[in-house]
Amino acid sequence: MSSKEARQQLLALSWTKKALTLSYVVFVLPFSFLWKLAKSPVQLRGYPKPLRRKIGEISLQVVRDGLSVTQMRFLLKGTTKTAYEAWTKSKNVDPQEEVIAHGGRLLWVGKGQKDIEEDSKVVLYFHGGGYLLPMQEWSLDYWSTAIKVLEKSKKHVSIAALAYNLSGESTYPVQLNQALAAIEHLLKVGYKPSNIVLAGDSAGANLVFQVLLHLNLLRLRSTSQSDVDVAETGVATFELPADLKLRGALGISPWFPVHSKEAAAKSYQENRESDIISPEALRDFARIYAAGVPESHKPHFDFVSTPKEWFKGFDAVVDRILVTVGEKELLRDDILEVGRGKVAEYHQDTTIILQEFGVHDDVFYDVGVGLDPLTTKLTVEILEWLEAVFS
């Protein structure tokens, strides 16, 4: 069975299942939400966020408990491109889209490439969603806020969101090739590597580190420090100009353990109820993304299994790294293990922030429930880091 056929089989949803999905949303989900909300006073002890945030988290947890990832995909119809077009329409701004190599698209927030100046800066953003779900409009709201804050410090920063192929269409290394094509495109239109920051959340943060690892493996091979041949995985051989490196890399709740096996980390048991995703969902996302991918390729995206020595000299491909992780998320222990034991081991300018009471992708949900994202400490810390990086 081909990789494509394997994914299609995993994603198949019968008409009966579709009808049951809609029935759950209409008839069961509201009662499940009210029941979980009724129990929330116990869960709110010591909870530092506004009540509206807790209600938002409860809503996501009810979806988590009642729907499979294929059902979520069925409900979240549309694409990253259509989400972007809906967002630009709601904000009354003109969409700025560019088609790049390998079938990817760049969707601009703020000033586009036509406004590039000599010292223009850009955040290349990769959205989350387990490589299966499209970007949501609240991500664009979040980055729009970030632009406004950075503009106050007189920095011309744009956001270029990559609309990459989802795993229903493609799997590794297509998304990595599209991400590399996006960097290559930014360099061609005039951005300097020193003015490019990669940013991503969840699966998007995984893609950020796929890019960095790929660039590092090419560098190690060119200096005879490694015999890993990235060409064997089907990845484009794009590399940065000699002696130049990217300015920064931001990973929000990075999906480091992309595997379908039973998770062993303690945080999976501790945070089963508090996080907004489930172990089952993470396994399903991984199974679909990795369908048909040879075992030998998996260390290139499943960073828990990546050999530590592949990170040697990581500081030669990117100037600064920031990784954020929620105290209450399933991935906490795996993120800390990879972040501290592999990334920070070989990159001295790595900052890791453990957010108190934080759940997976925490900073985006303030926008989703109508709160100012700047009221969250972690968002302020991220923006302060970006401002320092671009100084």
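Predicted model, so just to flag it, every value in this text is computed and none were measured.

(A) Fine view of the overall build of the protein. A count of helices and strands for the protein gives 14 helices and eight strands. Whereas a compact globule of 391 residues would reach a radius of gyration of roughly 21 Å, the protein reaches 20 Å, a difference of no more than 12%. In the protein, which comprises 391 residues, the share counted as buried stands at 56%. In the protein, the share of contacts with a sequence separation of at least 24, taken over all contacts with a separation of at least 6, comes to 81%. About 16700 Å² of surface is accessible on the protein, with carbon and sulfur atoms providing 53% of the total. Within the protein, the 48 negative side-chain charges are centred at a point lying 4 Å from the centre of the 45 positive side-chain charges.

(B) Representation of the nonpolar core in the model. Judged by nonpolar contacts, the single largest core of 83 residues is most densely connected at Phe209 and Leu212. Examining the composition of this core, we find that 11 residues originate from one element, helix H9 (residues 203-222), more than from any other. Apart from residues no more than four positions distant in its own chain, Phe209 is found in contact with Gly251, Phe256, Phe303, Phe314, Ile321, Val323 and Val343. Counting residues in hydrophobic clusters, the runner-up holds 33 residues, among them Val109, Val197, Leu322 and Phe364.

(C) Here's a closer look at the packing of aromatic side chains. According to the stated counting rule, one finds 16 aromatic pairs in the structure shown. On the numbers, 5.2 Å between centres and 80° between planes, the contact of Phe209 with Phe256 is edge-to-face. Of this pair, Phe209 sits in helix H9 while Phe256 sits in the loop between strand E6 (246-252) and helix H10 (266-270), placing them 47 residues apart in sequence. The pair formed by Phe209 and Phe256 is uniform in burial state, with each residue classed as buried.

(D) Here's a closer look at the UniProt feature "transmembrane region" (unreviewed entry) in the protein. The feature "transmembrane region" (unreviewed entry), as annotated in UniProt, sits at residues 21-38 in this numbering. Strand forms 0% of residues 21-38 and helix 100%; the C-alpha atoms that close the span are 24 Å apart.

Criteria and cut-off values
- Residues numbered from 1 in each chain as written.
- Predicted model: local features only at pLDDT ≥ 70, side-chain atom pairs only at ≥ 80, totals over all residues.
- Heavy atoms only, no water.
- Helix = DSSP H or I, 4+ residues; strand = E, 2+ residues; numbered from the N terminus.
- Rg over C-alpha atoms; globule rule 2.2 N^0.38 Å.
- Buried < 20%, exposed > 50% of the residue type's maximum accessible area, 1.4 Å probe, protein only.
- Contact = heavy atoms within 4.5 Å.
- Areas by Shrake-Rupley, 256 points an atom, 1.4 Å probe, with all protein chains shown as cover.
- Lys, Arg positive; Asp, Glu negative; His and termini not counted.
- Charge placed at Lys NZ, Arg CZ, Asp CG, Glu CD.
- Core = buried A, V, L, I, M, F, W, Y, C linked by side-chain atoms within 4.5 Å.
- Phe/Tyr/Trp six-rings, centres within 6.5 Å; stacked < 30°, edge-to-face > 60°.
- UniProt positions renumbered as here; feature names shortened; annotations may be inferred.

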